[in-house]
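Residue-level structural notes
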Amino acid sequence: MKMRGLSLLIVLLVLSSACSNRTIPKVDSPAGEFLIEQGYEIIWQEDIVYEHRLEKEDLTQLPHQMYWSVQSVDAASYIGKMIYITTFYVKNHPLDQAPANLKGQTIVYVMQTENEVIGGYSLPDLDDPTDGWVYSLDGRTLEEFSGMDFGTWKQQWDNKYK
């Protein structure tokens, strides 16, 4: 009787984890491999959380402008292409040490088109997230990433993409 109860418990645990959108880290995926190469420890990942064909006008509107502002690639190169974003929860990231980050882990969003990783952005994993801009993949602010204050960056960005 105890064996049957244990078997039932195992089946229920397997089924409940199969129904979740959280998955065991896929280190064989380009996005997972990319993060491991960056030195991050993947805690878990979600399936693709966003897919969108990038259009030029997206680059002047939130949230796209925010996401693309901290990329090392030229966003114009990806206009007309499908962009896929996968969410990872990682450790060993600079934002793990953010003052309000009590979980000590970071949410990283990896951007890719087909199987090519093109970049990503990050946020500290806060219980009560605040409004604000995203961080670069390695945890830098827009100002640290671009070397410009927001006003200067915004003017240059709008001149390029409007």
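Position numbers for residues count from 1 along each chain, tracking the sequence in the order it is written. Only residues with pLDDT of 70 or above have their local features reported here, since the model is predicted, and side-chain atom pairs are shown and tallied only from 80 upward, although totals for entire chains, interfaces and linings are computed over all residues. Remark: hydrogens and water are excluded; side-chain values derive from all non-hydrogen atoms of the structure.

Looking at the overall build of the protein
Runs of E in the DSSP output that reach at least two residues are strands. Runs of H or I that reach at least four are helices, and both are numbered from the N terminus. Tallying secondary structure elements over the protein gives five helices and six strands in all. Secondary structure elements of the protein occur, N-terminal to C-terminal, as α-β-α-β-α-β-β-β-β-α-α. Only protein chains enter the calculation, and the probe is 1.4 Å; a residue is then buried if its accessible area is under 20% of its type maximum, exposed if over 50%, and partly exposed in between. The buried share of the protein, taken over its 162 residues, is 39%. Only heavy atoms matter for contacts: two residues are in contact if any of them lie within 4.5 Å across the pair. Considering only contacts in the protein between residues 6 or more positions apart, those separated by 24 or more positions represent 59%. Per element, the accessible surface of the protein, about 9,600 Å² overall, is 55% carbon and sulfur. Methods summary: accessible areas were calculated by the Shrake-Rupley approach with a probe of 1.4 Å, and residue burial reflects only the protein chains presented.

Structural notes on the environment of E51
Take E51: it is sitting in strand β2 (residues 41–53). Separated by 34 residues in the primary sequence, E51 and I85 have C-alpha atoms spaced 6.4 Å apart. For E51, the residues in contact, after removing those within four places along its chain, are M82, I83 and Y84.

As for helix α5 (residues 150–161)
If you check α5, its first and last C-alpha atoms are 16 Å apart, about what 12 residues at 1.5 Å a residue would give, namely 16 Å. Among all positions in α5, only W153, W157, D158 and Y161 are buried. Down the axis of α5, the buried set is contained in an arc of 125°. They therefore lie on one face. Those residues of α5 that are exposed and angled more than 90 degrees off the buried face are Q155 and N159. Next to the buried residues of α5 lie α3 (64–68) and α4 (142–146). Polar contact is defined as a pair of N or O atoms within 3.5 Å, subject to the rule that within protein one atom must be able to donate a hydrogen and the other to accept it, and that residues adjacent in sequence are counted only when both atoms are side-chain atoms. Two or three places before G151, at the opening of α5, D149 has a side-chain oxygen 3.0 Å from that residue's backbone nitrogen. Each helix should span, by expectation, one fewer than its residue count multiplied by 1.5 Å. The arc in question is the one spanned by the directions pointing from the helix axis to the C-beta atoms.

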